[in-house]
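Listed below are the residues making up each chain.
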Amino acid sequence: RGVQAHRLCPPRGAGSSLEPEERSMEPPAMPEEEEEEEEEAVPLSVAPGPVGCQLFGYVGIEAVLDQMKIKTMKTGFEFNIMVVGQSGLGKSTMVNTLFKSKVSRKSSQPGQEERIPKTVQLQSITHVIEEKGVKMKLTVTDTPGFGDQINNENCWDPIIKYINEQYERYLREEILITRKRKIPDTRVHGCVYFVPPTGHWLRPLDLEFMRRLSKIVNVVPVIAKADTLTLEERAEFKQRIQEDLKTHAISVYPQEDFDQDPEDRALNDRIREKIPFAVVGADQEHQVNGKRVLGRKTKWGIIEVENPAHCEFPLLRDLLIRSHLQDLKDITHNVHYESYRVRRLNESNRPG
């Protein structure tokens, strides 16, 4: 019986003559240990995630940009700018030069003597500007009387009050149960502060204003009437202003904390090296080498406003309009207005 049992039960791994033919039709099974080793060999970096999908033909996703452009051209957009500085620094002329139109009030009328107001009186002028089918509702807020008095204590209070009032107006429209489809935006997106061209350092008034205003609005400092300084004086003055801003921890636009990616940081670093911009404003054209240019005529020549070799007005225009206009609006909405909204809602939720 032991011999018969040995013949009927073949050794492990062996089979009948039919088994190899039946198994030849199936793929060889992998051992469980080898499968586990292969799964462990896969690196962790190849974990499933959002991977781009290659398209086999044109779908039309890029047409979203055209739709956004057409919609923006139909509805238009708002941009609100404020200019702050002493009288006689060319604030109104600078705004007219920025937009190449009479969008700001004239500092004085011919034949009439300008009377300096006793306190800071804010004046807002709204225009609709259109260029190549794009409409922009521009609001310019001027601050005549700022820093003109002997006692300038708390002269920034009306400006802070005005900025907060625009935030409050937007907040009231936003928290309504039935609100407008498009809330009118009167919030100040950028504040251009004009520094007198003394050539020495920032005054305590300048430091205190920018310290207070930089927390609630985007502040862009500029050196007014830079043609009154030599190139050496201008460079030294800019360096002293940058040192004063750094010493007093004043964060002007563009702020380092809001740089989102390396490209934005590299671009904004180059801009921060040039701030404050040494600008010259002019709203009159002159003939130079057969071309009509904006500039100021003097006995020794014409100072071309849009010539980078003469002043840094092109840098200011590029910052405010051509490269960072939307960023100014985004930071106003997502940072300054958001902090005001949180503060106001916390105040309203306090008991008593």
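Read on for a plain summary of the structure. No experiment lies behind these values; they were computed from the predicted model shown.

### Structural notes on the environment of A278
Line of reasoning, step 1. Locating A278 in the fold gives a position in strand β6 (residues 277-278).
Line of reasoning, step 2. Residue classification places A278 among the buried positions, given a relative accessible area of 0%.
Line of reasoning, step 3. Sequence separation between A278 and K225 is 53 residues; the distance between their C-alpha atoms is 7.6 Å.
Line of reasoning, step 4. Not counting chain neighbours up to four residues away, the residues in contact with A278 comprise I223, A226, R234, C311, E312 and F313.

### Some points on the packing of aromatic side chains
Any pair of aromatic rings gets described here by the distance separating the centres and the angle formed by the planes.
Line of reasoning, step 1. Inspection of every chain in the model, using the stated rule, returns six aromatic pairs.
Line of reasoning, step 2. Measuring from centroid to centroid gives 6.2 Å for F146 and Y193, while their planes differ by 85 degrees, and the two rings are edge-to-face. Highlighted residues: F146 in the loop between β3 (134-142) and α6 (157-174) and Y193 in strand β4 (residues 190-195), separated in sequence by 47 residues. Judged on exposure class, the residue F146 and its partner Y193 are both buried.

### Things to note about the pairing of β3
Line of reasoning, step 1. In this structure, strand β1 (residues 77-84) lies alongside β3, joined through seven bridges in parallel fashion. Its bridge partner being in β3, V83 is matched across the sheet by D142.
Line of reasoning, step 2. Relative to β3, strand β2 (residues 123-131) is paired through nine bridges, and the arrangement is antiparallel. Considered in β3, the bridge of Q123 is made with D142.

How each quantity is defined
- Residues numbered from 1 in each chain as written.
- Predicted model: local features only at pLDDT ≥ 70, side-chain atom pairs only at ≥ 80, totals over all residues.
- Heavy atoms only, no water.
- Helix = DSSP H or I, 4+ residues; strand = E, 2+ residues; numbered from the N terminus.
- Buried < 20%, exposed > 50% of the residue type's maximum accessible area, 1.4 Å probe, protein only.
- Contact = heavy atoms within 4.5 Å.
- Phe/Tyr/Trp six-rings, centres within 6.5 Å; stacked < 30°, edge-to-face > 60°.
- Pairing = 2+ DSSP bridges.

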